[in-house]
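# Tertiary structure, described
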Amino acid sequence: MSYNVQIGPGGYASWKILERTMLRQRGALSQDHVIRSSKEYFSQRFPLVETADQFVNDYRILTVALRAFGLDSDISNKYFLKKVLEADPNDSGSFINRLSDKRYLKMNQALSFYAPLDERGGVIDISSIIEKYEIRSFEKNIGGRYPEIELALNARRELSDLAASDASENAKWYQVLSSKPLRRVFEVAYGLGEGFSALSIDRQLYELKGRTGILTGSNDVSQFNSDEVLDIILKRFLLRSQINVSPVGSRYTNALVLLGLRRV
């Protein structure tokens, strides 16, 4: 890949630069040779794939699909992915519905290998998968240098989608806890140590809701449909992330900024 997204030194300052330049830079990255070639291959070849076995054994198709759903690290887990893709999402007891990470369910539903072959074409939206691939490729391009920015971009997108879902508020929080990227953002933003993951899941839920309520005035995930509320969380996350990696002088500056924010 020849194009690298330009955002400056990292941290919250780079986040603000990215907000101003994101549309232009996303357009530039979408024209990168590797990205264009991958999109074209997927668009042309995926409609010819009939089974989950064929799918997981075509490396280029699999790479695009896994990137689209944020599951790049599963590229070698072919047996597991076949089980994910062939499970029936309409059966509450099926393998896919027993997985806490709902990214797998989303991929299963989008690719529809569980459906009869003659019905799949009517439910698969290739353009949507390609768009997801472009978005996450943009995030990955940044994440290789600034993983905190990639996490913030993922959180902004995922929390906005989660806020708009019909799930109960507690169910939304449980999805936050089951998502490694989202969980990391809240753990860092709230300064939660390694002991947090050792707590019972109900206690973890209690802590996240309580700290969010103190910080934003509400403990509902639905409030993250507001860019203003999202920025409160992401600013804390990025500043705290920067404290851990910055030179001493910058750490003091970031710490002073954090002190000026409402405490949680």
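Worth saying up front: this structure is predicted, and the values here are computed from it rather than measured.

Below, the discussion takes up the overall build of the chain. A count of helices and strands for the chain gives 15 helices and zero strands. Its C-alpha atoms give the chain a radius of gyration of 20 Å, within 12% of the compact-globule value 18 Å for 264 residues. Expressed along its principal axes, the backbone C-alpha trace of the chain runs to roughly 60 × 45 × 30 Å. By residue count, 46% of the 264 residues in the chain fall in the buried class. Considering only residue pairs separated by 6 or more positions, the chain has 59% of its internal contacts joining residues 24 or more positions apart. Distance between charge centroids for the chain: 7 Å, based on 36 positive and 32 negative side chains.

With their axes 5 Å apart at the nearest point, helix H11 (residues 169–178) and helix H12 (residues 180–189) run at an angle of 95° to one another. Between H11 and H12, the angle is such that the two are roughly perpendicular. On H12, the residues that touch Trp173, Val176, Leu177 and Ser178 of H11 are Lys180, Leu182, Arg183 and Phe186. The residue makeup of the contact of H11 with H12, split by class, is five nonpolar, one polar and two charged.

Let us now look at the packing of helix H5 (residues 78–86) against helix H7 (residues 103–111). Orientation of H5 relative to H7, taken along the N-to-C sense of each, is 65°, at an axis distance of 8 Å. Two packed elements cross with a definite hand, and for H5 against H7 that hand is right-handed. Listed contacts from H7 to Phe80, Leu81, Val84 and Leu85 of H5 are Tyr104, Met107, Asn108 and Leu111. The class makeup of the residues in the contact of H5 with H7 is seven nonpolar, one polar and no charged.

Now for H12. In terms of residue burial, H12 counts as a mostly covered element, since eight of its ten residues are buried. Those residues of H12 lying buried are Pro181, Leu182, Arg183, Val185, Phe186, Glu187, Val188 and Ala189. Positive backbone phi, at 65°, marks Gly191, one or two positions downstream of H12.

Once that is clear, we can look at the confidence of the model for the chain. Detailed reading of the predicted coordinates is not advisable wherever pLDDT is low. On average, residues of the chain score 89 in pLDDT, and 91% of them reach the 70 mark or higher. Confidence over residues 246–260 falls short of pLDDT 50; this stretch has 14 contacts with residues more than four positions distant or in other chains.

Cut-off values and rules
Residues numbered from 1 in each chain as written. Predicted model: local features only at pLDDT ≥ 70, side-chain atom pairs only at ≥ 80, totals over all residues. Heavy atoms only, no water. Helix = DSSP H or I, 4+ residues; strand = E, 2+ residues; numbered from the N terminus. Rg over C-alpha atoms; globule rule 2.2 N^0.38 Å. Buried < 20%, exposed > 50% of the residue type's maximum accessible area, 1.4 Å probe, protein only. Contact = heavy atoms within 4.5 Å. Lys, Arg positive; Asp, Glu negative; His and termini not counted. Charge placed at Lys NZ, Arg CZ, Asp CG, Glu CD. Axes fitted to C-alpha atoms, helices over the stretch in contact; angles between N-to-C directions. Parallel < 35°, antiparallel > 145°, perpendicular 65-115°, else oblique. Nonpolar A, V, L, I, M, F, W, Y, C, P; charged D, E, K, R; others polar. Left-handed = near helix turned anticlockwise from the far one by under 90°. pLDDT = per-residue confidence, 0-100.

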